[in-house]
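If you want the building blocks of each chain, they are given just below.
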Amino acid sequence: MAKKIYFGTNLKMYKGNAEVVDYLTQLSQLSDTLPADKDLELFVIPSFTALSDAVAAVRSISSKHPIMIGAQNMNPHDCGQFTGDISPLMLKELGVRLVMIGHSERRHVFKETDQEENAKVLAALKHQFVTLLCVGETLEQKNYDISDEILRTQLKIGLHGVTPAQLPLLRIAYEPVWAIGTAGIPASADYADAKQAVIKQCLIELFGKEGNKIPVFYGGSVNPENAPELFVQPHIDGLFIGRSAWDAEKFYTLMSGLLTE
Ligand SMILES: O=C(CO)COP(=O)(O)O
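Residues numbered from 1 in each chain as written. Predicted model: local features only at pLDDT ≥ 70, side-chain atom pairs only at ≥ 80, totals over all residues. Heavy atoms only, no water.

In the annotation of an unreviewed UniProt entry, the entry for the chain reads Triosephosphate isomerase, and the organism field reads Exercitatus varius. Under the Subunit (unreviewed entry) heading, UniProt states for the chain: "Homodimer." Quoted verbatim from the Catalytic activity (unreviewed entry) field of the UniProt record, the comment on the chain reads "D-glyceraldehyde 3-phosphate = dihydroxyacetone phosphate". (UniProt positions renumbered as here; feature names shortened; annotations may be inferred.)

Spelled out as C-alpha cells, the structure:
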C-alpha cells in the first residue's frame, strides 16, 4: 500500500466562525476532486469558537478525502477551576477529532513548558484524540548548534508516559520557530529533512521500531515554491501549513500539484 500523505493547516487566530464555515465548505468540495487513489489525511485547525460549526460543515459535505477538525490547544483536566480554558470533554462533545499541542506560539508567546505539553499530550491520548505535538528550536538555539538536543528534549519530555498502544494516534510536527510566520525564513529542504531524521531517530529510541511509524510533518513558511522540494524529502511525511493554506483554492492547488507530480 502506498505511503499515507498528510496535509494540514493551522488557522491561528485569523478566521471567525462564518469565514471558517465558508473556507471548509469550499475546501471539502475541492478535496473531493483530489486523486481518489491517494491515502490522504487532511486536517484543519480553527479557533475554538468556530469548532462546532466547523465539524458540522465538514460532516454536511461528502468528500472522498474528508477533513478532520482539530483544536489549537486544550487544558489537560476534564473540568475544574481553569477560567478561560477548554477541556478534552468539551472538545469531544463537539466532535473534534484532533488536538494540537505545543505550537511554537503556545510555547513562546504563552510560555508553556515541556512538562505542560506532556500533561496535555497524555490527556489528549487518554481521550482518544489524534494528538499533534509540535516541536522546534528557536534561532538562538540553532545558532548555539543545540537544535538536536532541543528537539530530543521536547520529544522526551513531551511524550513521557505515552504507551505503545497510543502511538497510532500520535503525530509530530517539526516547526522551527525561526521559520514560522510573516517574519519566518523557510528552512531549506536539506536542513528540514536532517532535523526530521533526528526526530525519527529519537522516536525509535523512545518506542522501538513502532516509533518509526509515527508521522512527522514539516511546518514553517511552506509555500507553493518550496513545497515540492520539501514534500519529497525522505523523512517528511506531510506538510503543516499556515498562511499558504488559508485560501481554500490556493491550498487545494498546492496539494493537487504535489499529488499529481
Ligand atoms: O505555524 C505554522 C503552522 O502551525 C506555520 O505557519 P506559516 O506557514 O504561516 O509559517
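Text resumes after the structure shown.
### Let's talk about unusual backbone geometry
Its identity as a non-glycine residue notwithstanding, K111 has a phi of 60 degrees, on the positive side. Among the structural elements, K111 can be located in the loop between α4 (104–108) and α5 (114–126). According to the relative accessible area criterion, K111 is exposed, its value standing at 62%. Not every positive phi belongs to a glycine, and Q128 is a case in point at roughly 65 degrees. Examined against the element boundaries, Q128 turns out to sit in the loop between α5 and β5 (130–135). For Q128, a relative accessible area of 57% corresponds to the exposed category. (Helix = DSSP H or I, 4+ residues; strand = E, 2+ residues; numbered from the N terminus. Buried < 20%, exposed > 50% of the residue type's maximum accessible area, 1.4 Å probe, protein only.)

### A short note on the sheet that holds strand β7 (residues 216–219)
The strand order around the closed barrel built from eight strands is β1-β2-β3-β4-β5-β6-β7-β8, with neighbouring strands paired in parallel fashion. The sheet shows a mean angle of 25 degrees between the axes of neighbouring strands, direction not considered. Relative to strand β8 (residues 238–241), β7 runs parallel, the two being bridged by three bridges. Each bridged residue has a counterpart across the sheet, and for F217 the counterpart in β8 is G238. (Pairing = 2+ DSSP bridges. Axes fitted to C-alpha atoms, helices over the stretch in contact; angles between N-to-C directions.)

### A few points about the confidence of the model for the chain
Model confidence for the chain is summarised by a mean pLDDT of 97, while 99% of its residues fall at 70 or above. Both scores are given for the predicted complex: the pTM is 0.98, the ipTM 0.98. (pLDDT = per-residue confidence, 0-100.)

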